[in-house]
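Letter by letter, the chains look like this.
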Amino acid sequence: MMKQAFGIIILLFLTTFLSQCKKEADDWIFCECAIDSWIGDYTGSGNYYQGEELDYQQCDVQLTVEQIAPDNLKIRVVAPDYYSETFYGIKSDSTYYLTISGTSKSLNMNLKIRGNELKLNGTAKNFHWVYDPDSTYLVPDKTLAFDVTKTQP
């Protein structure tokens, strides 16, 4: 009985001790925001991948979101010397994510908020399709994974 009680006390102590360990605060939460929150200029960093290579180049990233019609967005993603692409898509709801898929490129991004700060993180890709007699598959050409924060006017 004494060993069980001692074991329970040790377990409680370890649980309490480990729960007090500090983690890096990531208090960004997904933003269920209207389309106007997405609009603006963003800057940050990214990782650029060429083809199917696993090695990447760290780079600066600029991203601009413009509203060109009530539910239509134009998104320009630029990593100087590595990646530059413009995407057009529809944002007709206030979900925290946006996905734009095309036949040779795609963009997936999430909008997060912390206080009055906004940031986008996501992936922009360029790719091509290979058609073999037995299968069809997608081959990545360029991939940019980014994390950018909205710059205040």
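Rules used throughout
- Residues numbered from 1 in each chain as written.
- Predicted model: local features only at pLDDT ≥ 70, side-chain atom pairs only at ≥ 80, totals over all residues.
- Heavy atoms only, no water.
- Helix = DSSP H or I, 4+ residues; strand = E, 2+ residues; numbered from the N terminus.
- Buried < 20%, exposed > 50% of the residue type's maximum accessible area, 1.4 Å probe, protein only.
- Contact = heavy atoms within 4.5 Å.
- Salt bridge = Lys/Arg side-chain N within 4 Å of Asp/Glu carboxyl O.
- Core = buried A, V, L, I, M, F, W, Y, C linked by side-chain atoms within 4.5 Å.
- Phe/Tyr/Trp six-rings, centres within 6.5 Å; stacked < 30°, edge-to-face > 60°.
- Lys NZ or Arg CZ within 6 Å of the ring centre and 35° of its normal.
- Disulfide = S-S within 2.5 Å.
- Patch = residues over 30% accessible without salt bridge, like charges linked within 9 Å, V, L, I, M, F, W, Y side chains within 5 Å.
- Areas by Shrake-Rupley, 256 points an atom, 1.4 Å probe, with all protein chains shown as cover.

A.B. asks: For this particular structure, what's the right way to read the side chain of Thr 95?
C.D. replies: One can find Thr 95 in the loop between β5 (83-90) and β6 (97-101). A relative accessible area of 19% means that Thr 95 is categorised as buried. Excluding residues within four positions of it along the chain, Thr 95 makes contact with Cys 31, Glu 32 and Trp 38.

A.B. asks: Is there a simple way to think about the side chain of Asn 121 in this case?
C.D. replies: Note that Asn 121 resides in strand β8 (residues 117-131). Here Asn 121 is in contact with Asn 108, Met 109, Asn 110, Lys 112, Phe 146 and Asp 147, once residues within four sequence places are set aside.

A.B. asks: Quick question: what am I supposed to make of the pattern of salt bridges here?
C.D. replies: It is possible for side chains bearing opposite charge to pair when their charged atoms get close. Using the criterion set out here, one finds 5 salt bridges in the structure. Residue Arg 114 pairs with Asp 27 through a salt bridge whose shortest N-O separation is 3.5 Å. Residue Arg 114 is found in strand β7 (residues 105-114), and its partner Asp 27 is found in the loop between α1 (2-19) and β1 (29-30); the two are separated by 87 residues along the sequence. With a relative accessible area of 29%, Arg 114 lands in the partly exposed category. Here Lys 91 ties to Asp 93 by a salt bridge, and the two come within 3.0 Å at their closest N and O atoms. Judged by relative accessible area, Asp 93 falls into the partly exposed class, the value being 39%. Residues participating in the shared-partner salt-bridge network are Asp 27, Arg 114 and Glu 117.

A.B. asks: I would appreciate a short explanation of the nonpolar core in the present structure.
C.D. replies: Side chains that are nonpolar tend, in soluble globular proteins, to be buried together. The biggest cluster of nonpolar side chains holds 27 residues, and the ones touching the most others in it are Leu 63, Ile 75, Val 77, Leu 107, Met 109, Leu 120 and Phe 146. Discounting residues that sit within four places of it in the chain, Val 77 has contacts with Val 61, Gln 62, Leu 63, Tyr 83, Ser 84, Glu 85, Phe 87, Leu 107 and Leu 144.

A.B. asks: Got a minute to help me understand the packing of aromatic side chains in this structure?
C.D. replies: Within a pair of aromatic rings, the relevant descriptors are the distance that separates the centres and the angle that separates the planes. Going through the model one piece at a time under the given rule, you end up with 5 aromatic pairs. Judged by centre distance (4.1 Å) and plane angle (35 degrees), the rings of Phe 30 and Tyr 96 are tilted. Here the residue Phe 30 occupies a position in strand β1, and Tyr 96 occupies one in the loop between β5 and β6, the gap between them amounting to 66 residues. Centre to centre, the rings of Tyr 48 and Tyr 82 are 5.3 Å apart; their planes meet at 45 degrees, and the pair counts as tilted. Residue Tyr 48 is found in strand β2 (residues 40-50), and its partner Tyr 82 is found in the loop between β4 (72-79) and β5; the two are separated by 34 residues along the sequence. Judged by its relative accessible area of 7%, Tyr 48 falls in the buried class. Here the aromatic cluster, defined as three or more aromatic residues joined through ring pairs, consists of Phe 30, Tyr 96 and Tyr 97. The ring of Tyr 97 carries the charged tip of Lys 91 above its face, separated from the ring centre by 5.9 Å.

A.B. asks: Help me understand the state of the cysteines in this model?
C.D. replies: Scanning the entire structure with this criterion turns up 1 disulfide. Between Cys 31 and Cys 33 runs a disulfide, and the two sulfur atoms are separated by 1.4 Å.

A.B. asks: Looking at this structure, how should I read a nonpolar patch on the surface?
C.D. replies: Residues Trp 129, Tyr 131 and Leu 138 make up a contiguous nonpolar surface patch of about 350 Å² in total accessible area. Tracing the backbone through its elements, the reader meets Leu 138 in strand β9 (residues 136-150).

Everything listed here is a matter of geometry and, on its own, says nothing about what the molecule does.
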